[in-house]
Amino acid sequence: LAIKNAEDNGPTKKDQASSDTLFDGEQPTLEEIRSWGKSFDKLMRSPSGRKAFREFLRCEYSEENILFWLACEELKKETNPEAIEEKARFIYEDYISILSPKEVSLDSRVREIVNRNMVEPTPHTFDEAQLQIYTLMHRDSYPRFINSPQFKTLAQIPDGVSASGSTAESPSN
């Protein structure tokens, strides 16, 4: 009953203050935050979800993955041919080039596709690479995110309970 009442009353002042600094502007509902733990697509469609996930990735030293994905999303909105070429070059130099400190991890097949596409960049030059990074984040970082203390605090999930709602079992030897 105490847990149920705490859920009904929303975040505590301490929780509210920490989530306010994370989410500038519109505060997501507890229901929305918890939906991120059930669907990576919902997390990535939510500006607040992307922000929380980006903070987590920063702590894991893999923030370049979401930054690359976001840059590709911006490129897709561009219609001016000169701007498309300029943005594509920046994305390539920032995230694809082996000389970049923010290089994302792509396999050789996708890297070759990107190199061919860069001859005449379009808003979809990085689609294959973006999908590969999205899949990498979904499979690799997302499970750690939804089981992280940061996410559990935002979602008000007690310690020892997974984001899916099941209780963690202690390992038996």
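Up top is the structure these notes are about.
Residues numbered from 1 in each chain as written. Predicted model: local features only at pLDDT ≥ 70, side-chain atom pairs only at ≥ 80, totals over all residues. Heavy atoms only, no water.

1. Some words on the pattern of salt bridges
In step 1: In total, this model carries 13 salt bridges according to the counting rule given.
In step 2: The shortest N-O distance in the salt bridge between Glu73 and Lys76 comes to 3.4 Å. Residue Glu73 and its partner Lys76 are both found in helix H6 (residues 63-77); the two are separated by three residues, about one turn of the helix.
In step 3: In this structure Glu73 comes out as partly exposed when scored by relative accessible area, which is 26%.
In step 4: You can call Lys76 partly exposed: its relative accessible area is 33%.
In step 5: Between Glu78 and Lys87 there is a salt bridge whose closest N-O contact spans 3.0 Å.
In step 6: One network of salt bridges, with partners in common, ties together Arg54, Glu55, Arg58 and Glu63. (Salt bridge = Lys/Arg side-chain N within 4 Å of Asp/Glu carboxyl O. Helix = DSSP H or I, 4+ residues; strand = E, 2+ residues; numbered from the N terminus. Buried < 20%, exposed > 50% of the residue type's maximum accessible area, 1.4 Å probe, protein only.)

2. Structural notes on unusual backbone geometry
In step 1: With a phi close to 60°, Tyr61 is a non-glycine residue in the positive phi region.
In step 2: Overall, Tyr61 belongs to the exposed group, its relative accessible area being 74%.
In step 3: Of note, the phi angle at Gln156 is positive, near 55°, even though the residue is not glycine.
In step 4: Residue position: Gln156 is located in the segment after helix H10 (149-154).

3. Description of H6
Count 3.6 residues to each turn of an α-helix, and residues three or four apart come out pointing the same way.
In step 1: An ideal rise of 1.5 Å per residue puts 21 Å on 15 residues; H6 measures up with 22 Å between its terminal C-alpha atoms.
In step 2: Residues Glu63, Glu64, Asn65, Ile66, Leu67, Phe68, Trp69, Ala71, Cys72 and Leu75 constitute the buried set of H6.
In step 3: In this structure, the buried residues of H6 make contact with helix H4 (40-45), helix H5 (47-59), helix H7 (81-96) and helix H9 (127-146). (Expected span 1.5 Å × (residues − 1). Contact = heavy atoms within 4.5 Å.)

4. Observations concerning the packing of helix H8 (residues 108-117) against H9
In step 1: Closest axis-to-axis distance for the H8/H9 pair is 8 Å, and the angle between their directions is 150°. On the side of H8, the interface is formed by Arg109, Val110, Ile113 and Val114, while H9 contributes Glu128, Ala129 and Gln132.
In step 2: Residue composition of the contact of H8 with H9, grouped by class: four nonpolar, one polar and two charged. (Axes fitted to C-alpha atoms, helices over the stretch in contact; angles between N-to-C directions. Nonpolar A, V, L, I, M, F, W, Y, C, P; charged D, E, K, R; others polar.)

5. Structural notes on the packing of H5 against H9
In step 1: Two numbers describe how H5 lies on H9: the axes approach to 10 Å, and their chain directions differ by 90°. One finds that H5 runs roughly perpendicular with respect to H9. Contact residues: H5 offers Ala52, Phe53, Phe56 and Leu57, while H9 offers Met137, Ser141, Tyr142, Arg144 and Phe145. (Parallel < 35°, antiparallel > 145°, perpendicular 65-115°, else oblique.)

6. As for the nonpolar core
In step 1: The biggest cluster of nonpolar side chains holds 38 residues, and the ones touching the most others in it are Phe53, Phe68, Phe126, Met137 and Phe145.
In step 2: Elements with a minimum of two residues in this core: helix H3 (30-36), H4, H5, H6, H7, H8, H9 and H10.
In step 3: When sequence neighbours within four positions are dropped, the list of residues in contact with Phe53 reads Phe40, Leu43, Met44, Ile66, Met137, Ser141, Tyr142 and Phe145. (Core = buried A, V, L, I, M, F, W, Y, C linked by side-chain atoms within 4.5 Å.)

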